[in-house]
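A structural walkthrough
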Amino acid sequence: MFSQKKPYSAVTVTIENLTSESYGEDDLSGIPDLVDVIKLQASGPTEAARAIRKKLKYGNVHRQVRALVLLDGLIQNAGSVFQRGFADEPLLERLRVCGTSDLSDPVVRKKCTELFREWSQYASTPGLERIARLYKELPKRKVAVTQERSKVIQETENPFEDDEEEEAERRAARASSSSSSAATWVPQIGPAMDRDGPLKPSDSSRWGSGKKKSKDKSSKSKGGLRKPFNLEAEKEKMKSVIAESSIASTNLMNALQSINRERERISDNKVAVHHFEACKQLRRRILRYVSDSPGHVDECRWPF
């Protein structure tokens, strides 16, 4: 099923304007107008939280600090409806990352530390309990990459779906599907039934002999030796694939750099997706050469 399109109204536009370079970092003059715009629609708190999270994730240092200032102003002035409806898990996780990650700018981390300490006073305010605990929390750890998952031959996953909100939706969908499948599964009780009744010992032996014959046939079909890899014959093709891969990766990088991730998801950009699929296909061809020619590729001198 297709996900519902995220709202984009005057709330997002106002936050876009208030986080621009024309406003100082601690300028609170636009807060009243933003509060009025949010109160005009039921989805105002949710849309404001999403717009602020986008600024914290994709904006420069000034926009990130401005987003934090706006969030603090909304918490103090937007009222109880906003306080109960804006603090979703994607925004909280982004705040944790901004406040503690080494990849976050020191100015942003310092601002987060100041605000987290101030927000701790809201521990008893409905809707702000998790905001008040931010100064005690660390960002969620990434799942450790196991050896099985890190195999280069494994199919490349889509790197474009990196949004915290989408990840939360996927986790909820997986949890619901697993619970529904567990509820509908019914174990079979009783002896295995044939068309004419329960299986007899003679029938089971007949079935077993059939399986043995099929195994023998499959083993015979796989008995042929694989054709040895000829480096000299494949060298020109390998050079061509490597050159195509270099061009394809450059095209993908150019396409990614041309996308404004505050306004457009990479997975919605047809040009970027096209270049990504091309790179994935070329990657498979290169990995096939690597797996088919162990030792040959490393020892060969490539006259590019």
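This one's a predicted model, so the numbers in the text were calculated from it and none came from an experiment. (Residues numbered from 1 in each chain as written. Predicted model: local features only at pLDDT ≥ 70, side-chain atom pairs only at ≥ 80, totals over all residues. Heavy atoms only, no water.)

**Overview of the overall build of the chain**
Put simply, the test is: A run of DSSP states H or I qualifies as a helix once it reaches four residues; a run of E qualifies as a strand once it reaches two. Both are numbered from the N-terminal end. Residue exposure (1.4 Å probe, protein chains only): buried if accessible area is under 20% of the type maximum, exposed if over 50%, otherwise partly exposed. Two residues qualify as a contact provided that any one of their heavy atoms is within 4.5 Å of a heavy atom in the partner residue.
If you tally the helices and strands in the chain, you get 13 helices and two strands. Within the chain, the proportion of its 304 residues that are buried is 33%. A separation threshold of at least 6 residues defines the contact pool for the chain, and within that pool the share at least 24 residues apart is 73%.

**With respect to the confidence of the model for the chain**
Note: predicted coordinates in regions of low pLDDT should not be interpreted at a detailed level. What counts, and what does not: Per-residue confidence from the prediction method is given by pLDDT, with values spanning 0 to 100.
Considering every residue of the chain, the mean pLDDT works out to 75; 63% of them sit at 70 or more. Least confident of the elements in the chain is strand 1 (residues 193–194), whose mean pLDDT is 46; most confident is helix 4 (residues 61–77), at 94. The low-confidence segment residues 189–196, where pLDDT is below 50, has four contacts with residues more than four positions distant or belonging to other chains.

**Side note on helix 3 (residues 44–58)**
Residues separated by three or four positions in an α-helix point in the same direction, a consequence of the helix having 3.6 residues per turn. Spelled out, the test is: Multiplying 1.5 Å by the residue count of a helix minus one yields the expected span of that helix.
Taking 1.5 Å as the rise per residue, helix 3 with 15 residues should run 21 Å; its terminal C-alpha atoms sit 21 Å apart, in good agreement. Of all 15 residues making up helix 3, twelve are buried, and the element is well covered by its neighbours. Along helix 3, the positions that sit buried rather than exposed are Gly44, Pro45, Glu47, Ala48, Ala49, Ala51, Ile52, Arg53, Lys54, Lys55, Leu56 and Lys57.

**Here's the deal with helix 1 (residues 10–18)**
Taken together, the buried positions of helix 1 are Val11, Thr12, Thr14, Ile15, Glu16 and Leu18. In the core, the buried residues of helix 1 are packed alongside helix 2 (31–39), helix 3 and helix 4.

**Regarding the nonpolar core**
The condition is simple: To qualify as a nonpolar core, a set must consist of buried Ala, Val, Leu, Ile, Met, Phe, Trp, Tyr and Cys residues joined through side-chain atoms within 4.5 Å.
Ranked by size, the top nonpolar core spans 37 residues in total, and within it Phe86, Leu95, Trp119 and Ile131 carry the most contacts. Among the elements that make up this core, the one with the highest residue count is helix 4 (eight residues). Setting aside chain neighbours within four positions, we find Leu95 in contact with Leu56, Leu68, Leu71, Phe116, Trp119, Ile131 and Leu134. Met238, Ala248, Leu252 and Cys279 belong to the second-largest nonpolar core, a separate cluster that totals eight residues.

**A closer look at the environment of Val271**
Position of Val271 among the secondary structure elements: in helix 12 (residues 270–292). With 16 residues separating them along the chain, Val271 and Ala255 place their C-alpha atoms 6.8 Å apart.

**Regarding the packing of aromatic side chains**
To be explicit about the condition: Any Phe, Tyr or Trp ring, taking Trp's six-membered ring, that has another such ring centre within 6.5 Å forms a pair; planes under 30 degrees apart are called stacked, those over 60 apart edge-to-face, and the others tilted.
Tallied over the entire structure, the rule returns two aromatic pairs. Aromatic side chains Phe82 and Phe86 sit 4.6 Å apart centroid to centroid with 5 degrees between the ring planes, which places their arrangement in the stacked category. Each member of the pair, Phe82 as well as Phe86, is classed as buried. Where Phe116 meets Trp119, the ring centres are 5.8 Å apart and the plane angle is 40 degrees; that geometry is what we call tilted. Taken together, the positions of Phe116 and Trp119, both in helix 7 (residues 106–119) and three residues apart, correspond to about one turn of that helix. This pair shows no difference in class: Phe116 is buried, exactly as Trp119 is.

**Some thoughts on the packing of helix 3 against helix 6 (residues 89–100)**
The condition that has to hold: A fitted line through C-alpha atoms represents every axis, and for helices the fit uses only the stretch in contact; the resulting angles, taken between N-to-C directions, go from 0 to 180 degrees. Should an angle fall under 35 degrees it is taken as roughly parallel, and over 145 as roughly antiparallel, whereas 65 to 115 is taken as roughly perpendicular and any remaining angle as oblique. Working rule for handedness: look at the near helix, and if it is turned counterclockwise from the far one by less than a right angle, call the crossing left-handed; if clockwise, right-handed.
Viewed as axis vectors pointing N to C, helix 3 and helix 6 meet at an angle of 25 degrees, and their least axial separation amounts to 10 Å. Here helix 3 lies roughly parallel to helix 6, going by the angle between them. Along this stretch, helix 3 crosses helix 6, giving a crossing that reads as left-handed. Taken together, the residues of helix 6 that come into contact with helix 3 (itself represented by Ala49, Ile52, Arg53, Leu56 and Lys57) are Pro90, Leu91, Arg94, Leu95 and Cys98.

**Observations regarding the side chain of Ser104**
Convention followed: As used in this structure description, the phrase polar contact means that two N or O atoms lie within 3.5 Å; if the pair is within protein, one of them must be able to donate a hydrogen and the other to accept it, and residues adjacent in sequence are counted only when both atoms belong to side chains.
Tracing the sequence through the fold places Ser104 in the loop between helix 6 and helix 7. Reaching out from Ser104, the side chain makes a polar contact with the backbone oxygen of Cys98 at a distance of 2.9 Å. Look past the residues within four positions of Ser104 in its chain and what remains in contact with it is Val97, Cys98 and Arg109.

**Considering the pattern of salt bridges**
Heads up, the rule is: Throughout this description, the term salt bridge denotes a Lys or Arg side-chain nitrogen within 4 Å of a carboxyl oxygen of Asp or Glu.
Inspection of every chain in the model, using the stated rule, returns eight salt bridges. One salt bridge connects Glu89 with Arg96, and the closest N-O pair in it is separated by 3.0 Å. Taken as a pair, Glu89 and Arg96 share a single burial class, namely buried. A single salt-bridge network, built from bridges that share partners, covers Glu89, Glu93, Arg96 and Arg130.

**Considerations on the environment of Ala78**
In this structure, Ala78 sits in the loop between helix 4 and helix 5 (80–85). Not counting residues within four places of it along the chain, the set of residues in contact with Ala78 comprises Val35, Lys39 and Gly73.

**Let's talk about the environment of Gln121**
Summarising the element assignment, Gln121 is placed in the loop between helix 7 and helix 8 (129–132). Classification of Gln121 by relative accessible area gives exposed; the value is 57%. Along the backbone, Gln121 and Ala132 are eleven residues apart, and their C-alpha atoms lie at a distance of 6.6 Å.

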